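# Examining the three-dimensional arrangement
Here is what each chain is made of, one letter per residue.
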Amino acid sequence: MNRLAGESSPYLRQHQDNPVDWYPWGPEAFAAAREHDRPILLSVGYSACHWCHVMAHECFEDAEVAQQMNDLFVNVKVDREERPDVDAVYMDAVQAVSGRGGWPMTVFCDTEGRPFFGGTYYPKPQFLQLLTAVDDAWRNRREGLAQQAGELTEAVGRTEHMTSSGEIPGAETMNTALEGLASQFDAEWGGFGRAPKFPQSMSLELCLRAHAETDSPDALDVVQTSLDAMASGGMYDHLGGGFARYSVDDQWLVPHFEKMLYDQALLARVYLHAFQVTHEPRYAQVAVETIEYVLRDLHHGFGGFYSAEDADSPDGHGHSHEGLFYVWKPSEIFDVVGAELAPVAIEWYGVTDDGNFEDANILHRPVRGDLLRPPPVEKARALLFAAREHRARPSLDDKVLTEWNALFLATLAEAALVLERDDWLRAAVKNAEFLCTSLRRPDGRWMRSWQADSGARHLAFAADHAALVDAFTRLAEASGEARWIEEATRTADALLDGFWDAGAGGVFTTGIDGEALVVRQKDLFDNATPSANSLAALALLRLAALTGEQRYRHHAEQILALVGGLAAQYPTAFAHALSAIDVHRSGLIEIAVVGPRPDLVRTVAARYLPNAVLAWGEPFASPLWEGRAEGHAYVCRDFVCLAPVTESAALDAQISS
């Protein structure tokens, strides 16, 4: 075993038996590089990544490749999910060099960590050639590498030096962004751009907001076309719920099969909101099945949620194959459900003798949007799911990440209210309590990652804090418990005290007590998850409205002024920030309903505020509660706060007018 055997990350431990002399990220690796005058070979990936496994088998498990790596480099492995700060710096470098990024990521750095070359996946022959070429340049053209390292380091530090326009974007920015999204929209299959296709849930949320505000049929068409196509395709797990990370084709049929917690959080939320706006039960079904997948298969008994399930599944003969757990042959369906139900299931899920993936079938719904299963199909689905549970499962990444848990917590709390699921609300509270006790040190410092056998590790980043603020405010609204507003304010204060840029505004990725990398970046661009700054902007706006503490609003406004100039130009990279801009632009008009009447409030919200989040119980310390007479209501676009109600008829009349 190499040095990775002592690490907690499942991804790092996957490489503990490699013949490569791996180091984990840390001072020991850089000291060795300086001592031996060798460049750093940095390899970054994550446990559920299919192509990471491919490169590991082709290169890192190969004795010839390992020997060359060990002779010429100091080799460092990083789990991008544990250390998103490291990943972001070197991913920017790779994109600057090659024009594209992805994982596995391979970066060559000098002994101080400055990158001078990089790429993504390399097959063995190309990788061996690259190792030789980099070694030759290191020994014979060091000066040129040093110049390139300086230029790349300057490029990846650009977010650190961005200046604010000083102006908060308004309606024009929103309109320009929506026009940009419309130009990228695939009118036939939904989504934005061509294959490979990622869900881009934040862009869909933005379009849904536009429809809710303006009743735009075009904006709703973008959302419904995309949601129907994704949930009908093979990217959605039609037996067990939940979504794979992305589709390799335009039609959402063939996914990369890994399932990530953050995708379940963000996609369940947009399907939930689509149900609230359209009242179409198929969207509620997808949201419910996605949430139930997480609660069933990614739930730690203590309350946390695991990070991911792998793309590959073992075949029982010592090998793994992508998607093996999920695909079916017609004969297997007959064996499981019997001759009576098999034709029904085969027709419903588009199964053929030839298959659609490596001689087998990824289950999908050929009739797009027709997702509500009749009883015979549901019976067959249940039988197939039960049979699939006896297959060898994909491997589980069992680390609990603060940011991803907070994203799912926010969705779970909101869904518990909208769909009246008290069991989900209890699960949300349990998750929040787990985060507070297991991922926060006694001194109050939040941590990034937790595992049962090693506890919490790595200081939390800005995105962890921002996601927590949002989750705690939504849990406060769902539970009516003021303690979650207190947790939100405590976490927001930690975010602003430890990560805020007092000069240009915005939050740095790492805190003032974090490790100093070659640059100190700001996480500005939405990717698979919302950026730290867009998360913070929206969460701080909502927290300011709930507490009346205007300094939170002031900080949110500074973030929006920082990113506003780029948001209209690159809407898919700033969709969550644009949602915050929309909230700020339209104003937080209030609703406070006085009295413990959740039945009435649900009725009112369903009729007049389809995307509102509800709360009841003990009042918060908020100006929303001050001077409100019983029987009066005040409308708010993003949430509903309530206190006691006496006359439902009078309230209903006031809201309708």
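What you are looking at is a predicted structure, and each value in this text was computed from that prediction instead of being measured.

Conventions adopted
- Residues numbered from 1 in each chain as written.
- Predicted model: local features only at pLDDT ≥ 70, side-chain atom pairs only at ≥ 80, totals over all residues.
- Heavy atoms only, no water.
- Helix = DSSP H or I, 4+ residues; strand = E, 2+ residues; numbered from the N terminus.
- Buried < 20%, exposed > 50% of the residue type's maximum accessible area, 1.4 Å probe, protein only.
- Polar contact = N/O pair within 3.5 Å; in protein donor to acceptor, adjacent residues only side chain to side chain.
- pLDDT = per-residue confidence, 0-100.
- Contact = heavy atoms within 4.5 Å.
- Patch = residues over 30% accessible without salt bridge, like charges linked within 9 Å, V, L, I, M, F, W, Y side chains within 5 Å.
- Areas by Shrake-Rupley, 256 points an atom, 1.4 Å probe, with all protein chains shown as cover.
- Salt bridge = Lys/Arg side-chain N within 4 Å of Asp/Glu carboxyl O.
- Lys, Arg positive; Asp, Glu negative; His and termini not counted.
- Charge placed at Lys NZ, Arg CZ, Asp CG, Glu CD.
- 1 Å grid on protein atoms, 1.4 Å probe; cavity = no way out; pocket = protein on both sides within 12 Å on 5 of 7 lines; lining within 4 Å.
- Points joined across faces, edges and corners; volume = space filled by probe spheres on them.
- Nonpolar A, V, L, I, M, F, W, Y, C, P; charged D, E, K, R; others polar.
- Pairing = 2+ DSSP bridges.
- Expected span 1.5 Å × (residues − 1).
- Core = buried A, V, L, I, M, F, W, Y, C linked by side-chain atoms within 4.5 Å.
- Axes fitted to C-alpha atoms, helices over the stretch in contact; angles between N-to-C directions.
- Parallel < 35°, antiparallel > 145°, perpendicular 65-115°, else oblique.
- Left-handed = near helix turned anticlockwise from the far one by under 90°.

## Section: the side chain of His-256
Looking at the element boundaries, His-256 is found in strand β7 (residues 255-256). Here His-256 falls in the buried class, since its relative accessible area comes to 7%. Polar contacts involving the side chain of His-256 include one to the side chain of Trp-51, which spans 3.5 Å.

## Looking at the confidence of the model for the chain
For the chain, the mean per-residue pLDDT works out to 88, and 89% of the residues sit at or above 70. Predicted confidence for residues 607-651 stays below pLDDT 50, and this span has 155 contacts to residues more than four positions away or in other chains. In the model, residues 653-657 has pLDDT below 50 throughout and makes seven contacts with residues more than four positions away in sequence or in other chains.

## Describing a negative patch on the surface
A contiguous patch of negative charge, built from Asp-353, Asp-354, Glu-358 and Asp-359, is present on the exposed surface. Within the secondary structure, Asp-359 is located in the loop between α13 (330-348) and α14 (375-388). Under the relative-accessibility criterion, Asp-359 is labelled exposed at 58%.

## Comments concerning empty space enclosed by the protein
This model, assessed by the stated rule, comprises four cavities of 30 Å³ or more. As a volume, the second largest cavity reaches approximately 140 Å³. Taken together, 16 residues line the second largest cavity, and the ones lying closest to its centre are Gly-234, Tyr-236, Asp-237, Tyr-326 and Ile-362. Split into classes, the residues belonging to the lining of the second largest cavity amount to 10 nonpolar, three polar and three charged.

## Overview of the pairing of strand β2 (residues 40-45)
With six of its six residues buried, β2 lies for the most part within the structure. Judged by which residues are buried, β2 turns out to be covered on both faces: Ile-40, Leu-42 and Val-44 on one side and Leu-41, Ser-43 and Gly-45 on the other are all buried. Bridge count for β2 against strand β4 (residues 105-109) is five bridges, and the pairing is antiparallel. Across the sheet, residue Ser-43 finds its bridge partner in β4, namely Thr-106.

## What about helix α16 (residues 422-438)?
Under the 1.5 Å per step criterion, the end-to-end length of α16 is 24 Å for 17 residues, consistent within 8% with the ideal 24 Å. Residues of α16 that are buried include every one of Trp-424, Leu-425, Ala-427, Ala-428, Val-429, Asn-431, Ala-432, Phe-434, Leu-435 and Cys-436, and no others.

## Quick look at the nonpolar core
Of all hydrophobic cores here, the largest spans 174 residues; its most connected members are Phe-127 and Tyr-271. In this structure Phe-127 touches Leu-41, Met-55, Cys-59, Phe-60, Val-65, Met-69, Thr-106 and Tyr-122, once residues within four positions along its chain are discounted. Leu-239, Ala-342, Trp-348 and Ala-380 belong to the second-largest nonpolar core, a separate cluster that totals 16 residues.

## Details of the packing of helix α15 (residues 402-418) against helix α17 (residues 462-479)
When two helices pack together, their arrangement is given by the angle between the helix axes and by the axis-to-axis distance. Axis separation between α15 and α17 bottoms out at 8 Å; the angle between their running directions is 20°. Here α15 lies roughly parallel to α17, going by the angle between them. The interaxial crossing formed by α15 with α17 has left-handed handedness. Side by side, α15 and α17 meet where Thr-402, Glu-403, Ala-406, Leu-407, Leu-409, Ala-410, Ala-413, Glu-414 and Leu-417 of the first sit next to Ala-463, Asp-464, Ala-467, Leu-468, Asp-470, Ala-471, Arg-474, Leu-475, Glu-477 and Ala-478 of the second. Each residue belonging to the contact of α15 with α17 can be placed in one class, and the counts come to 12 nonpolar, one polar and six charged.

## Description of the pairing of β4
Here β4 lies mainly inside the structure; five of its five residues are buried. As judged from the four bridges shared by β4 and strand β5 (residues 115-119), these two strands associate in the antiparallel manner. Looking at β5, one finds that Val-107 is bridged to Gly-118. In this antiparallel pair of consecutive strands, β4 and β5, the connection spans five residues, and Gly-113 shows a positive phi of 90°.

## Regarding the pattern of salt bridges
Scanning all chains against the criterion turns up 51 salt bridges. In this structure, Arg-209 and Asp-582 form a salt bridge, with 3.5 Å as the shortest nitrogen-oxygen distance. Within this pair, whereas Arg-209 is found in helix α9 (residues 201-214), its partner Asp-582 is found in helix α21 (residues 575-586), the two being separated by 373 residues in sequence. In this structure Asp-582 comes out as buried when scored by relative accessible area, which is 2%. Of the charged contacts in the structure, one is a salt bridge between Arg-441 and Asp-443, with a shortest N-O distance of 2.9 Å.

## Structural notes on unusual backbone geometry
The omega torsion of the bond from Trp-103 to Pro-104 falls at 5°, within 30 degrees of zero and hence cis. Among the structural elements, Pro-104 can be located in the loop between α5 (84-98) and β4. A cis geometry characterises the amide bond from Ala-195 onward to Pro-196, with omega recorded as -5°. Phi at Asp-37 takes a positive value of approximately 55°, unusual for a residue other than glycine. Mapped onto the secondary structure, Asp-37 falls in the loop between α2 (27-36) and β2.

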